[in-house]
Amino acid sequence: FAWKPNSVPFFSLLFLYSILEIFDVKRIKNKVRWIVAAAISFSVCTQLHFSTFITMPLIVLVFLIINRKNLKGIVTWKNVLIFIGIVVLFYLPVIFSDILNKGDNVKQFIHSIGEKSSGRPLWKNIYKDVYYFGKYFLRLLTGYMGGNRIWHSLMWFFNAGALFTIYRFFKK
């Protein structure tokens, strides 16, 4: 995986905008153009940085779940094949390179999922991120400077509940 995060914002925003244009029910024309733009930006973005390789498919999955009522006329076999075909075309150099290197990229990728350079497994890094998010959000919200882990964890759950409530409110 290359390390070129400077281009990630452009391609991720292009991808998200393309997805929104594809799902715009008022515009029926030019869907294929936006599918092509989404596939190209998805392919480039996921090759630029490891985090986008993980988050972009998750974003698509969440977006499809949220918009599951509108999938009928938009997600057709033709559109899916166009998208997957372009993604595979853009990933061919990566696939061929990995074949030539006897799967070293895949081995490194699988190894990095379980253990990072920090020496901690992925689940410990997730726990640490959740803890610090709650801790510093609590500090910003209340000015609390203590080290009580229970308050920090409760703040994280409070934030998650607030986001879910806001989502449910606007969904109606």
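This text goes with the structure placed above it.
Residues numbered from 1 in each chain as written. Predicted model: local features only at pLDDT ≥ 70, side-chain atom pairs only at ≥ 80, totals over all residues. Heavy atoms only, no water.

When its secondary structure is counted, the protein shows eight helices and zero strands. When the helices and strands of the protein are listed from N to C terminus, the series reads α-α-α-α-α-α-α-α. Looking at the 172 residues of the protein, the share that counts as buried comes to 23%. Within the protein, contacts between residues at least 6 apart in sequence are counted, and of these 58% link residues at least 24 apart. Total accessible area on the protein is roughly 12,700 Å²; 71% of this is exposed by carbon and sulfur atoms. (Helix = DSSP H or I, 4+ residues; strand = E, 2+ residues; numbered from the N terminus. Buried < 20%, exposed > 50% of the residue type's maximum accessible area, 1.4 Å probe, protein only. Contact = heavy atoms within 4.5 Å. Areas by Shrake-Rupley, 256 points an atom, 1.4 Å probe, with all protein chains shown as cover.)

In this section: a positive patch on the surface. Together, Arg68, Lys69, Arg168 and Lys171 make up a positively charged patch on the protein surface. Note on placement: lysine 171 falls in helix α8 (residues 149-171). (Patch = residues over 30% accessible without salt bridge, like charges linked within 9 Å, V, L, I, M, F, W, Y side chains within 5 Å. Salt bridge = Lys/Arg side-chain N within 4 Å of Asp/Glu carboxyl O. Lys, Arg positive; Asp, Glu negative; His and termini not counted. Charge placed at Lys NZ, Arg CZ, Asp CG, Glu CD.)

Here the largest pocket is characterised by a volume of approximately 470 Å³. As for the largest pocket, its lining consists of 19 residues, of which Ile19, Phe23, Val60, Leu64 and Phe83 are closest to the centre. Looking at the lining of the largest pocket, the elements with two or more residues in it are α1 (8-22), α2 (31-48), α3 (50-66) and α5 (77-100). (1 Å grid on protein atoms, 1.4 Å probe; cavity = no way out; pocket = protein on both sides within 12 Å on 5 of 7 lines; lining within 4 Å. Points joined across faces, edges and corners; volume = space filled by probe spheres on them.)

This paragraph deals with the packing of α2 against α5. One can describe the packing of α2 onto α5 by two numbers: an axis separation of 9 Å at closest approach and a directional angle of 30°. With respect to α5, the axis of α2 lies roughly parallel. At the point where α2 passes α5, the crossing takes the right-handed sense. Contacts between α2 and α5 involve Val32, Ile35, Val36, Ala38, Ala39, Ile40, Phe42, Ser43, Val44, Thr46 and Gln47 from the former and Lys78, Asn79, Ile82, Phe83, Ile86, Val87, Phe90, Tyr91 and Val94 from the latter. Taken together, the residues that form the contact of α2 with α5 break down as 15 nonpolar, four polar and one charged. (Axes fitted to C-alpha atoms, helices over the stretch in contact; angles between N-to-C directions. Parallel < 35°, antiparallel > 145°, perpendicular 65-115°, else oblique. Left-handed = near helix turned anticlockwise from the far one by under 90°. Nonpolar A, V, L, I, M, F, W, Y, C, P; charged D, E, K, R; others polar.)

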